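Observations on the model geometry
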Amino acid sequence: MEKVLGIYDMNPNLPPREVDKSPGSVRIVAWLHSDKTILSSCTDMGGIRLWDVRSGQIVQTLETKSSVTSAEVSQDGHYITTCDGTSVMFWDANHFGLVKSYEIKWTVESASLEPKSGNKFVAGWEDMWVRVFDFHTGDEIGHHGPVHLCVSHWGRVIRLGI
(Lines give C-alpha, C1' and ligand atoms only; values in the text may rest on other atoms or scores of the structure.)
Protein backbone atom coordinates (compact mmCIF):
# COMPACT_ATOMS: atom_id res chain seq x y z
CA MET A 1 0.00 0.00 0.00
CA GLU A 2 1.37 3.40 -0.96
CA LYS A 3 1.75 5.93 1.79
CA VAL A 4 0.92 8.96 -0.34
CA LEU A 5 -1.29 11.91 0.44
CA GLY A 6 -2.57 13.26 -2.89
CA ILE A 7 -4.54 16.44 -3.56
CA TYR A 8 -6.84 16.19 -6.56
CA ASP A 9 -8.16 19.23 -8.39
CA MET A 10 -11.69 18.85 -9.74
CA ASN A 11 -10.29 19.82 -13.16
CA PRO A 12 -9.68 16.44 -14.83
CA ASN A 13 -6.84 17.90 -16.95
CA LEU A 14 -4.64 18.52 -13.90
CA PRO A 15 -2.65 15.69 -12.30
CA PRO A 16 -2.94 15.13 -8.54
CA ARG A 17 -0.44 16.97 -6.37
CA GLU A 18 1.38 14.66 -4.01
CA VAL A 19 2.68 15.93 -0.71
CA ASP A 20 5.61 14.29 1.06
CA LYS A 21 5.36 10.57 1.81
CA SER A 22 3.23 9.80 4.84
CA PRO A 23 5.01 7.88 7.61
CA GLY A 24 2.21 5.28 7.53
CA SER A 25 -0.93 4.24 5.63
CA VAL A 26 -3.31 7.22 5.66
CA ARG A 27 -6.60 6.68 7.52
CA ILE A 28 -8.13 10.13 8.17
CA VAL A 29 -7.78 13.40 6.22
CA ALA A 30 -9.38 16.80 6.91
CA TRP A 31 -8.82 20.36 5.70
CA LEU A 32 -7.93 23.17 8.10
CA HIS A 33 -7.17 26.91 7.89
CA SER A 34 -8.94 27.73 4.63
CA ASP A 35 -7.40 24.70 2.95
CA LYS A 36 -3.81 25.74 3.77
CA THR A 37 -3.31 22.86 6.20
CA ILE A 38 -4.28 19.18 6.01
CA LEU A 39 -4.50 17.00 9.08
CA SER A 40 -4.09 13.26 8.71
CA SER A 41 -3.73 10.11 10.78
CA CYS A 42 -2.18 6.76 9.99
CA THR A 43 -3.69 3.30 10.48
CA ASP A 44 -0.59 1.86 12.12
CA MET A 45 0.69 4.62 14.42
CA GLY A 46 -0.53 7.32 16.78
CA GLY A 47 -0.63 11.05 16.21
CA ILE A 48 -2.29 13.60 13.96
CA ARG A 49 0.04 15.05 11.36
CA LEU A 50 -0.39 18.65 10.24
CA TRP A 51 0.73 19.19 6.64
CA ASP A 52 1.49 22.58 5.11
CA VAL A 53 -0.15 22.32 1.68
CA ARG A 54 2.23 24.85 0.10
CA SER A 55 5.43 23.05 1.11
CA GLY A 56 3.96 19.53 1.19
CA GLN A 57 5.74 18.86 4.50
CA ILE A 58 4.59 17.78 7.95
CA VAL A 59 4.96 20.86 10.17
CA GLN A 60 3.71 19.42 13.46
CA THR A 61 2.38 16.22 15.02
CA LEU A 62 -0.29 16.18 17.72
CA GLU A 63 0.69 13.23 19.91
CA THR A 64 -1.84 10.52 20.79
CA LYS A 65 -1.47 7.17 22.57
CA SER A 66 -2.64 5.06 19.65
CA SER A 67 -3.89 5.23 16.06
CA VAL A 68 -6.51 7.94 15.53
CA THR A 69 -9.83 6.52 14.30
CA SER A 70 -11.61 9.84 13.81
CA ALA A 71 -10.65 13.49 13.41
CA GLU A 72 -12.73 16.51 12.51
CA VAL A 73 -12.47 20.28 12.55
CA SER A 74 -15.38 22.02 14.30
CA GLN A 75 -17.69 24.10 12.12
CA ASP A 76 -16.44 27.32 13.71
CA GLY A 77 -12.83 26.27 13.04
CA HIS A 78 -11.78 26.57 16.70
CA TYR A 79 -11.36 22.90 17.63
CA ILE A 80 -9.97 19.67 16.26
CA THR A 81 -11.72 16.62 17.75
CA THR A 82 -9.84 13.32 17.70
CA CYS A 83 -10.33 9.85 19.13
CA ASP A 84 -7.79 7.13 19.66
CA GLY A 85 -8.32 4.01 21.72
CA THR A 86 -10.45 5.10 24.68
CA SER A 87 -9.53 8.81 24.44
CA VAL A 88 -11.55 11.71 23.03
CA MET A 89 -9.38 14.82 22.68
CA PHE A 90 -10.13 18.43 21.79
CA TRP A 91 -7.27 20.53 20.39
CA ASP A 92 -7.04 24.26 19.73
CA ALA A 93 -7.16 24.45 15.92
CA ASN A 94 -4.96 27.56 15.76
CA HIS A 95 -2.23 26.95 18.34
CA PHE A 96 -2.59 23.11 18.45
CA GLY A 97 -2.51 22.81 22.23
CA LEU A 98 -4.63 20.19 23.95
CA VAL A 99 -7.78 21.85 25.37
CA LYS A 100 -9.57 18.84 26.88
CA SER A 101 -9.12 15.09 27.00
CA TYR A 102 -11.53 12.46 28.28
CA GLU A 103 -11.03 8.76 28.86
CA ILE A 104 -14.12 6.75 27.89
CA LYS A 105 -14.95 3.22 29.10
CA TRP A 106 -14.94 1.76 25.58
CA THR A 107 -12.84 1.95 22.44
CA VAL A 108 -14.10 5.07 20.66
CA GLU A 109 -14.58 4.90 16.89
CA SER A 110 -15.80 8.46 16.24
CA ALA A 111 -16.58 11.73 18.03
CA SER A 112 -18.05 15.08 17.08
CA LEU A 113 -18.40 18.42 18.88
CA GLU A 114 -21.83 20.10 18.86
CA PRO A 115 -21.32 23.16 16.64
CA LYS A 116 -23.79 25.75 17.98
CA SER A 117 -22.74 26.17 21.60
CA GLY A 118 -19.91 23.64 21.88
CA ASN A 119 -21.34 22.39 25.17
CA LYS A 120 -21.81 18.76 24.10
CA PHE A 121 -20.09 16.10 22.08
CA VAL A 122 -21.19 12.72 20.80
CA ALA A 123 -19.09 9.58 20.60
CA GLY A 124 -19.75 6.16 19.14
CA TRP A 125 -17.90 2.90 19.56
CA GLU A 126 -17.80 -0.83 19.00
CA ASP A 127 -21.05 -1.59 20.82
CA MET A 128 -22.94 0.48 18.18
CA TRP A 129 -24.28 2.96 20.73
CA VAL A 130 -23.96 6.73 20.38
CA ARG A 131 -23.53 8.60 23.63
CA VAL A 132 -23.88 12.32 24.35
CA PHE A 133 -21.40 13.95 26.76
CA ASP A 134 -21.05 17.31 28.48
CA PHE A 135 -18.04 19.04 26.88
CA HIS A 136 -16.99 20.79 30.12
CA THR A 137 -17.17 17.80 32.49
CA GLY A 138 -17.00 14.72 30.27
CA ASP A 139 -20.12 13.33 31.99
CA GLU A 140 -22.46 11.19 29.87
CA ILE A 141 -25.82 12.96 29.53
CA GLY A 142 -27.65 10.68 27.07
CA HIS A 143 -27.38 7.76 24.67
CA HIS A 144 -29.03 6.05 21.68
CA GLY A 145 -28.56 2.60 20.26
CA PRO A 146 -27.88 0.29 18.69
CA VAL A 147 -27.08 2.61 15.76
CA HIS A 148 -25.95 1.73 12.25
CA LEU A 149 -25.91 5.28 10.88
CA CYS A 150 -25.98 8.70 12.52
CA VAL A 151 -26.68 12.02 10.76
CA SER A 152 -27.05 15.12 12.87
CA HIS A 153 -28.59 18.53 12.54
CA TRP A 154 -27.51 19.90 15.90
CA GLY A 155 -30.00 21.69 18.06
CA ARG A 156 -32.95 20.09 16.30
CA VAL A 157 -32.56 16.35 15.75
CA ILE A 158 -30.16 13.45 15.56
CA ARG A 159 -31.37 10.93 12.99
CA LEU A 160 -30.42 7.40 13.76
CA GLY A 161 -30.37 4.30 11.59
CA ILE A 162 -31.46 1.81 14.21
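About the cut-offs
- Residues numbered from 1 in each chain as written.
- Predicted model: local features only at pLDDT ≥ 70, side-chain atom pairs only at ≥ 80, totals over all residues.
- Heavy atoms only, no water.
- Pairing = 2+ DSSP bridges.
- Helix = DSSP H or I, 4+ residues; strand = E, 2+ residues; numbered from the N terminus.
- Phe/Tyr/Trp six-rings, centres within 6.5 Å; stacked < 30°, edge-to-face > 60°.
- Buried < 20%, exposed > 50% of the residue type's maximum accessible area, 1.4 Å probe, protein only.
- Lys NZ or Arg CZ within 6 Å of the ring centre and 35° of its normal.
- Salt bridge = Lys/Arg side-chain N within 4 Å of Asp/Glu carboxyl O.
- Polar contact = N/O pair within 3.5 Å; in protein donor to acceptor, adjacent residues only side chain to side chain.
- Axes fitted to C-alpha atoms, helices over the stretch in contact; angles between N-to-C directions.

Comments concerning the pairing of strand S6 (residues 57-73)
- Direction of pairing for strand S5 (residues 45-52) relative to S6: antiparallel, over a ladder of 6 bridges. If you follow Leu 50 over to S6, its bridge partner there is Gln 60.
- The turn linking S5 back onto S6 is made up of 4 residues, and Gly 56 within it adopts a positive phi angle of 75°.
- By the bridge criterion, 5 bridges tie S6 to strand S7 (residues 79-84) in an arrangement that is antiparallel. When the sheet's bridge partners are listed, Ala 71 is paired in S7 with Thr 82.
- Linking two consecutive strands that pair antiparallel, namely S6 and S7, is a turn of 5 residues; a positive phi of about 75° is found at Gly 77 within it.

What to know about the packing of aromatic side chains
- Counted under the stated rule, the structure contains 7 aromatic pairs.
- Ring centres of Phe 90 and Phe 121 lie 5.0 Å apart, and the angle between their planes is 65°; on these two criteria the pair is classed as edge-to-face. With Phe 90 in strand S8 (residues 87-92) and Phe 121 in strand S11 (residues 120-125), the pair connects residues that are 31 residues apart, well separated along the chain.
- Take Phe 90: its relative accessible area is 0%, and that puts it in the buried class.
- Centroid distance Trp 125 to Phe 133: 6.2 Å. Interplanar angle 50°. Geometry classified as tilted.
- Here Trp 125 falls in the buried class, since its relative accessible area comes to 5%.
- By way of ring pairs, the aromatic residues Tyr 79, Phe 90, Tyr 102, Trp 106, Phe 121, Trp 125, Phe 133 and Phe 135 are connected into one cluster.
- Above the face of the Phe 135 ring, Lys 100 is positioned so that its terminal group lies 5.6 Å from the ring centre.

Observations concerning the pattern of salt bridges
- Tallied over the entire structure, the rule returns 3 salt bridges.
- The salt bridge partner of Lys 65 is Glu 103, with a shortest N-O separation of 3.0 Å. Taken together, the residues span a long stretch of sequence, with Lys 65 in strand S6 and Glu 103 in strand S9 (residues 98-103) at a distance of 38 residues.
- Glu 140 is paired through a salt bridge with Arg 131; the nearest N and O atoms lie 3.7 Å apart.
- Given the relative accessible area of 37%, Glu 140 is considered partly exposed.

Points about the environment of Asp 76
- As for its position among the elements, Asp 76 is in the loop between S6 and S7.
- For the pair Asp 76 and Ala 93, spaced 17 residues apart in sequence, the C-alpha to C-alpha distance is 10.0 Å.
- At 2.6 Å, the side chain of Asp 76 and the side chain of Ser 74 are in polar contact.

A few points about the sheet that holds strand S3 (residues 26-32)
- Taken in spatial order, the 7 strands of this open sheet run S3-S4-S5-S6-S7-S8-S9, and their pairing is antiparallel. Two strands in the sheet have a free side with no partner beyond their single neighbour: S3 and S9. Across the sheet, the mean angle separating the axes of adjacent strands is 25° when strand polarity is ignored.
- In this structure, S8 lies alongside S9, joined through 5 bridges in antiparallel fashion. Residue pairing for S9: Trp 91 is matched across the bridge by Leu 98.

Just geometry here; none of it tells us what the structure is for.
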